[in-house]
Amino acid sequence: MTPATRAAVALAGAAAAGVGALAWGVAEAHMFTLREVTVPVLPAGQPDLRVLHVSDLHLTPSQHDKIAWVRSLADLAPDLVVDTGDNMAHVGALPPLLHALEPLLRFPGAFVMGSNDYFAPSFKNPARYLRADARTSRSSDPVRLPADELAAAMSSAGWKDLTNRRDTVVADGRRIALVGVDDPHLDRDVFPAAEPGGLPDVDLRMGVTHAPYVRTLDQMHHDGSDVILAGHTHGGQLCVPFYGALVTNCDVDRRRAKGLHGWPGPRPDQPGGEDSTWMHVCAGLGTSPYAPVRFACRPEAVLVTLTSGR
Ligand SMILES: [Fe+2]
């Protein structure tokens, strides 16, 4: 084989591998997965509390498989549902989104918004993905999404709107103090003032944010949250097997791109993590319609089982 032939064969092999990886990535974006984690954070003696964490649906009206899968999550009968935003990816997404969420809205719940609840996605240079923070390529004239209507629908179903707000929810008889912020990725976050009467008498304190920016995690940690739930990162979306995420699309480190961690230190059940807050990042269920690919990072919802052990 001549050098020119060897080069041509190598090039053809690389091209075939690229096409194969792309085809797999498109398929993987539809491999919806339920991940489960256990967080020993409840007061001693309490029974488990099951929290369904959903995030980053990025729904378009034609995504019937995702709609059916999300509806099926109601079979888990969670005690609480937390939605960490980025629900829509199309101006016509609200009716199908509410259809997808309708069985979940029967349970106690809480939510915050992400940038993809306020503004429709637009085509961006794929190379932006490799920047740590891709906000500089945001359109100057974005198409607005029906965020207010979505918030009204969720609120009317009883879910707690945590947009720069505090609230309390009762789930399986347990009182949970909630604190949330509007999307830090859009700099819309204004951390709520401290409770005027001090800490309420509750079983658990939970922080909820779309994007897990360091400033927000620090605020929730110092505010006394026992556990923080976040989305936004898509788990890195395009990951390297046995290495993980390359980017988080915010300033949190890539090792915390998804899963259960501690903040600011190691997990509270690990050496050195005694002063940390539990932190869970959901890799979410969607992608931008302009980059409908996931690799080594399946779309997910997460059943977070809170157990006693604090
Ligand atoms: Fe997202």
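As a starting point, this report considers the structure included with it. (Residues numbered from 1 in each chain as written. Predicted model: local features only at pLDDT ≥ 70, side-chain atom pairs only at ≥ 80, totals over all residues. Heavy atoms only, no water.)

Topologically, Pro40 is positioned in strand β1 (residues 33-42). Overall, the relative accessible area of 27% leaves Pro40 in the partly exposed class. (Helix = DSSP H or I, 4+ residues; strand = E, 2+ residues; numbered from the N terminus. Buried < 20%, exposed > 50% of the residue type's maximum accessible area, 1.4 Å probe, protein only.)

The next subject is the pattern of salt bridges. In total, this model carries 12 salt bridges according to the counting rule given. Across the salt bridge formed by Arg71 and Glu102, the nearest N and O atoms sit 3.2 Å from each other. Taken together, the positions of Arg71 in helix α2 (residues 64-72) and Glu102 in the loop between α3 (94-101) and β4 (109-111) put the pair 31 residues apart, joining distant regions of the chain. A salt bridge links Arg215 to Asp189, with the nearest nitrogen and oxygen atoms 2.9 Å apart. Of the two residues, Arg215 sits in helix α6 (residues 214-223) while Asp189 sits in the loop between β7 (174-180) and β8 (204-208), which places them 26 residues apart along the sequence. Classification of Arg215 by relative accessible area gives partly exposed; the value is 32%. Look at Asp189 and you get buried, because its relative accessible area is 15%. Salt bridges here are not isolated pairs; linked through shared partners, they connect Arg71, Glu102 and Arg106. (Salt bridge = Lys/Arg side-chain N within 4 Å of Asp/Glu carboxyl O.)

Below, the discussion takes up the side chain of Ser276. With respect to the secondary-structure elements, Ser276 resides in the loop between β10 (259-263) and β11 (277-281). Take Ser276: its relative accessible area is 13%, and that puts it in the buried class. In terms of polar contacts, Ser276 uses its side chain to reach the backbone carbonyl oxygen of Pro266, at 2.8 Å. (Polar contact = N/O pair within 3.5 Å; in protein donor to acceptor, adjacent residues only side chain to side chain.)

The N-to-C vectors of α2 and α3 enclose an angle of 30°; their axes lie 7 Å apart at closest approach. Contacts between α2 and α3 involve Ile67, Val70 and Arg71 on the former and, on the latter, Pro96, His99, Ala100 and Leu101. When its residues are assigned to classes, the contact of α2 with α3 shows five nonpolar, one polar and one charged. (Axes fitted to C-alpha atoms, helices over the stretch in contact; angles between N-to-C directions. Contact = heavy atoms within 4.5 Å. Nonpolar A, V, L, I, M, F, W, Y, C, P; charged D, E, K, R; others polar.)

As a further point, take the sheet that holds strand β2 (residues 49-54). Think of a sheet as strands paired side by side through backbone hydrogen bonds, with each pair either parallel or antiparallel. Taking strand neighbours across the sheet as the criterion, the six strands line up as β1-β12-β2-β3-β4-β5 in an open arrangement whose pairing is mixed. Only two strands of the sheet have a single partner each, and these edge strands are β1 and β5 (160-161). Across two bridges, the pairing between β4 and β5 is parallel. Note that in β5 the partner of Phe111 across the bridge is Asp161. (Pairing = 2+ DSSP bridges.)

To continue, consider helix α5 (residues 147-156). Working note: α-helix, 3.6 residues per turn, so residues spaced by three or four point in the same direction. Along α5, the residues classified as buried are Ala147, Leu150, Ala151 and Met154. Relative to the axis of α5, the buried residues are bounded by an arc of 95° and lie together on one face. In this structure, α5 carries Asp148 and Ser156 as exposed residues pointing more than 90 degrees from its buried face. On its buried face, α5 is in contact with β3 (80-83), α3, β4, α4 (115-118) and β5. In the stretch just after α5, Gly158 is the one whose phi turns positive, near 105°. (Arc of directions from axis to C-beta.)

Our focus in this paragraph is a nonpolar patch on the surface. A surface patch of nonpolar side chains, about 270 Å² in accessible area, is lined by Val240, Tyr243 and Leu246. Examined against the element boundaries, Tyr243 turns out to sit in the loop between β9 (227-230) and β10. You can call Tyr243 partly exposed: its relative accessible area is 47%. (Patch = residues over 30% accessible without salt bridge, like charges linked within 9 Å, V, L, I, M, F, W, Y side chains within 5 Å. Areas by Shrake-Rupley, 256 points an atom, 1.4 Å probe, with all protein chains shown as cover.)

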